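Chain and residue survey
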Amino acid sequence: MKASIQHLLTLPSATAPNEVTLKDRILNSSAPLPASENGGDATTFHNHGTGSFTGNGHHRNKSQNALPQKREVDVQVLDVHPSEPILCFVSNSDTSFSSVGDQPGLDAHSQNKYLRQMIVVQNYIQNKVVDQISLFSIINNWVGTGRGSGDNSGDNSLALVQKVRQMCLGLGKILSLQFVDQQVLFYHMGRPTYIHKYGQSMPYMIVQFSQTILLYWHNHTSFQRSNSVVEINQVKLNNALPTSKPIPIVSINLLAIGCSDGAMRFYSICDKKVVKSVRGPNGKLDPVVGIVAVHPSNLNSNTSEFSAHSGHMETLRIATICASGTAYIWELQVSFHASGKVDGFKIRSPLVKLELYRAMKQHLSFSHNKMDTFKVKFDSDRSLLYWTIQSGTSGKTHVLVWDWNEDAIEKTSQKKSSMVSNEATKKPAETPLYRPSNIIEVPVLEDGHHPLFANVVAGLVHPSFSNFSIMILVVSDGGDMYIVGGQRKNGPRKDIPIEEGVVYYKFILSSLKKSANSKALRFLRFTDHGKLKISSVTVTRSRPDFVIMNTNMGLLVMNLMVDEETLLTGSHHICFPCGRSNGLVTVQHSNVYASFIVDDKHGSNWNGKIEQDNRRLVYESPPPVHKTIEFQSRPVRMPPRILPSPSGNFLCLFWHQENRYEILHMNSLTDSLRKSHKETDASRLSPAVDTGFDVLSFAWVGDEDIFALLYPPEL
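All values reported here derive from a predicted model rather than from experimental measurement.

**Digging into the overall build of the protein chain**
Across its full length, the protein chain carries 12 helices and 42 strands. Across the 715 residues in the protein chain, those meeting the buried criterion constitute 53%. Taking as baseline every contact in the protein chain between residues at least 6 positions apart, the subset at least 24 positions apart corresponds to 61%. For the protein chain, the accessible area works out to roughly 32100 Å², and carbon and sulfur atoms hold 50% of it.

See below:
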């Protein structure tokens, strides 16, 4: 694997200090407006980059922003779309003031920071600003088109400007941004999603503050729409504060929100109210700080095709993560009316619970600390839940992994029905515990420090990795990247040893500067002597080869390529004809398996995991003895590329990371599928016909099963 610097995203530059614009005067609302600047929607303001601001504050980008001069930037809020190559962030935000709604306590500088918050949408592949709009403009349009009352009529009314200004200050700092559309919903649910035949299905953005959530409609290219804001405040949440990021459930018109009183509330946009509310067994004193859909991928579902009039109940399981380090798994069923309103809603008591600190106490004196930080994510393709925690006292980071086996969860949840409530205390039966399968400790970096919590990404997926590995991306403060791995374990386990992650790949930023373009180098040349600081790292599910680093110089996009020197071909598995059926050859660690592919009973074009039958071990690859002992002792062996010969008589296993190849005879490899185990054991011969090492690349040439090898140059 090789890493390179793709580009440094060009961010909007700050307005020069000596430029006093009409927008500045409106935001400050202290200087009187000159008569020549006091009207007209077509008035042009100075902006923060290339393009122009019109009277409503909307930025129309005409060309890619010019690279600003050397300066430090502060991007605190960032969200990457899971399927499209776009991201959004808040520029000009101030991290020094986290208190909101306390306008009298804010000085003029911090008030301007709140008022000047700008939401920027950018294409990180093309390095192009798609759109940007200020928070002031969002509130101004919202109030001016229906939310306000009284004499506020007209965009240039001073009373309206003052009202908008106070509302912006009352909202305070933007804490998070999220794209919401059908693709995002698919990412959360892992299957085709419900599309309303009637009602709203337009994409929108969630803008979250400490006390309020705003839903702002857009279409990724044009933000400005009249009456396009929905507010979810404390009153609508039963006077509770939102303490988790809202996530769409079943439909983009239904949001699940964790609250400060320990409840999870479901807000329907079409119903304009909370349609369901549940509270976990820990009660009001344990806020819900995260909500994650924990439903494995089911791409065969016909969810998007059923009629809204059928009363179909869509089933989904979600996890509520509480501040105490306990997560509860809920099963809910929702149906919708044709208008998009919620027609039916059922939710069961928690099936099982996950306990973070209970799993950690087996090996460490690990107890709950308010300084601890953790985050949870679910991989619906691999059916794995990752819970990353960093100790607030020791600074150590651990990744706990739950193998999401639906049968095991159902079996564990059935224990609850057999438990009898304590009649003396009138307490209900305790929710059964579902145990993790892995605990991996992130090693100390070469600089002797623990990585920042925001610089650890668990569950990294890449074509170079084995499906039987757990990979973690770790980035140092200075931008050096480490990929740490461990072996995936199956099923819940009672006694789980803590494994220290093994470094599989290491990329030093100073050596990667050679791959940067000239514009990026203009910034990176200032990063010597430890000046570059990484504050957070983000990856996207649709492009696992891109890593986005939030730095004090801007957003740095890194590319994780599969190969170091040459272009690789082949795949990690191949299909072959086997009688009237199709066979499959796969590799797990050093073992090569052959099996039959189970035909789709429904006869539809399905995607997802290939079902196998009669899976047999047909070959075991020898260990890479030409490598170091440290290399051989890695917990997971990176999978080879499988390259069938032109005639189909031979198969090459090219272990790229080991610079080694093996050629296997295809009939000898798959003959066991046509015979019984007894016949196979009696007449089995090794399918290996050739092998070699210290090879950079392998290729079949022509039609006569001739192959070519590429060796490194002799010194």
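Back to the text.
**Digging into the pairing of strand β8 (residues 176-180)**
Counting buried residues in β8 gives 5 out of 5 residues, a clear majority hidden from the surface. Pairing geometry for β8 and strand β9 (residues 204-208), over 5 bridges, is antiparallel. The partner of L177 across the bridge, within β9, is V207.

**Focus: the sheet that holds strand β22 (residues 384-390)**
Backbone-to-backbone hydrogen bonds pair the strands of a sheet. The strands run either parallel or antiparallel. Taking strand neighbours across the sheet as the criterion, the 5 strands line up as β21-β22-β23-β24-β28 in an open arrangement whose pairing is mixed. Pairing within the sheet leaves two strands with one partner each, and these edge strands are β21 (373-379) and β28 (498-500). On average, each strand axis in the sheet is inclined to that of its neighbour by 25°, with strand direction left out of account. Note: β22 against strand β23 (residues 397-403), 7 bridges, orientation antiparallel. Directly across from Q390, in β23, lies its bridge partner T397.

**Overview of the side chain of T326**
Note on placement: T326 falls in strand β18 (residues 326-336). Ignoring anything within four residues of it in the chain, the contact list for T326 reads N282, T320, I321, K353, L354, E355 and W387.

**Observations concerning unusual backbone geometry**
Here K272, not a glycine, exhibits a phi torsion of approximately 60°, which is positive. Looking at the element boundaries, K272 is found in the loop between β14 (263-268) and β15 (273-279). Residue classification places K272 among the exposed positions, given a relative accessible area of 64%.

**Details of the packing of aromatic side chains**
For the coordinates displayed, the defined rule picks out 13 aromatic pairs. With a centroid separation of 5.3 Å and an interplanar angle of 85°, the aromatic rings of F698 and W700 are classed as edge-to-face. Taking 5.3 Å as the distance between ring centres and 25° as the angle between the ring planes, the aromatic pair formed by F698 and F707 counts as stacked. We classify F707 as partly exposed; its relative accessible area is 29%. The side chain of R615 reaches across the aromatic face of Y593, ending 3.8 Å from its centre. The ring of W655 has R637 lying over it, and the distance from NZ or CZ to the ring centre is 3.8 Å.

**Considering the confidence of the model for the protein chain**
Residue-level pLDDT values for the protein chain average 77, and 72% of them are 70 or greater. Segment residues 148-155 is flagged for pLDDT under 50; beyond a separation of four residues in sequence, or across chains, it makes 11 contacts in the model.

**A look at the nonpolar core**
Counting residues in each nonpolar core, the largest one holds 40 residues, and the members touching the most others are Y204, L215, I249, F266, I318 and L332. Discounting residues that sit within four places of it in the chain, I318 has contacts with I249, M264, F266, I291, V292, A293, V294, Y328, I329, W330 and L332.

**Side note on the sheet that holds β14**
Strand order in the open sheet formed by 4 strands is β12-β13-β14-β15, with antiparallel pairing between adjacent strands. Whereas interior strands pair on both sides, the edge strands pair on one side only; in this sheet they are β12 (247-249) and β15. If you compare each strand with its neighbour and ignore which way they point, the axes differ by 30° on average. Alignment of β12 against strand β13 (residues 251-258), held across 3 bridges, turns out to be antiparallel. Bridge pairing links I249 to S251 in β13. Each of β12 and β13 is contacted by helix α5 (residues 182-189), which is oriented at about 80° to β12, the strand it contacts most.

**Some words on the pattern of salt bridges**
Tallying each qualifying case throughout the model produces 16 salt bridges. The partner of R279 in a salt bridge is D261, and the shortest N-O contact between them spans 3.2 Å. Remark: D261 occurs in the loop between β13 and β14 and R279 occurs in strand β15; sequence separation between them is 18 residues. With a closest N to O distance of 3.1 Å, E499 and K489 form a salt bridge. One end of the pair, E499, is in strand β28; the other, K489, is in the loop between β27 (481-487) and β28, and 10 residues separate them in sequence. Each of R317, E331, R348, E406 and E410 takes part in one network of salt bridges that share partners.

**Some thoughts on helix α4 (residues 158-171)**
Taking 1.5 Å of rise per residue, the 14 residues of α4 would be expected to cover 20 Å, and the 20 Å separating its terminal C-alpha atoms lies within 8% of that figure. Remark: G172 follows α4 within two positions and exhibits a positive phi of approximately 80°.

**Re the pairing of strand β38 (residues 650-655)**
Burial analysis of β38 places 5 of its 6 residues in the buried class, which makes it a mostly covered element. Direction of pairing for strand β37 (residues 641-644) relative to β38: antiparallel, over a ladder of 4 bridges. Within β38, the position partnered with P644 by the bridge is L651. Here β37 folds back onto β38, and the loop between the two strands holds 5 residues, one of which, G648, carries a positive phi near 80°. Bridge analysis of β38 against strand β39 (residues 660-665) gives 6 bridges, and the strand direction is antiparallel. Directly across from F650, in β39, lies its bridge partner H665. Connecting β38 to the antiparallel partner β39 that follows it, the hairpin turn spans 4 residues, and N659 within it adopts a positive phi of roughly 50°.

**Topic: α5**
Taken as a whole, α5 has its buried residues at Q182, V184, L185, H188 and M189. Projected down its long axis, α5 shows its buried positions confined to an angular sector of 155°, all on one face. One side-chain oxygen at the N-terminal end of α5 lies 3.1 Å from the backbone nitrogen of Q183; it belongs to D181.

**Here's the deal with the environment of T540**
Here T540 is to be found in the loop between β30 (534-539) and β31 (546-551). What makes T540 buried here is its relative accessible area of 7%. Each C-alpha atom, one on T540 and one on E84, is 9.2 Å from the other, the two residues being 456 residues apart in sequence. T540 has contacts with V80, H81, P82, Y124 and F546, leaving out every residue within four places of it along the chain.

**Remarks on the environment of D613**
Looking at the element boundaries, D613 is found in strand β36 (residues 612-620). The exposure class assigned to D613 is partly exposed, which follows from its relative accessible area of 46%. Linking D613 and F596, residues 17 residues apart in sequence, is a C-alpha distance of 5.0 Å. When residues no more than four places from it in sequence are discounted, the contact partners of D613 are S595, F596 and V598.

**What to know about the side chain of Q390**
Structurally, the position occupied by Q390 is in strand β22. A polar atom in the side chain of Q390 sits 3.4 Å from the backbone oxygen of G395. Q390 has contacts with D372, T373, G395, K396, T397, P451, L452 and F453, leaving out every residue within four places of it along the chain.

How each quantity is defined
Residues numbered from 1 in each chain as written. Predicted model: local features only at pLDDT ≥ 70, side-chain atom pairs only at ≥ 80, totals over all residues. Heavy atoms only, no water. Helix = DSSP H or I, 4+ residues; strand = E, 2+ residues; numbered from the N terminus. Buried < 20%, exposed > 50% of the residue type's maximum accessible area, 1.4 Å probe, protein only. Contact = heavy atoms within 4.5 Å. Areas by Shrake-Rupley, 256 points an atom, 1.4 Å probe, with all protein chains shown as cover. Pairing = 2+ DSSP bridges. Axes fitted to C-alpha atoms, helices over the stretch in contact; angles between N-to-C directions. Phe/Tyr/Trp six-rings, centres within 6.5 Å; stacked < 30°, edge-to-face > 60°. Lys NZ or Arg CZ within 6 Å of the ring centre and 35° of its normal. pLDDT = per-residue confidence, 0-100. Core = buried A, V, L, I, M, F, W, Y, C linked by side-chain atoms within 4.5 Å. Salt bridge = Lys/Arg side-chain N within 4 Å of Asp/Glu carboxyl O. Expected span 1.5 Å × (residues − 1). Arc of directions from axis to C-beta. Polar contact = N/O pair within 3.5 Å; in protein donor to acceptor, adjacent residues only side chain to side chain.

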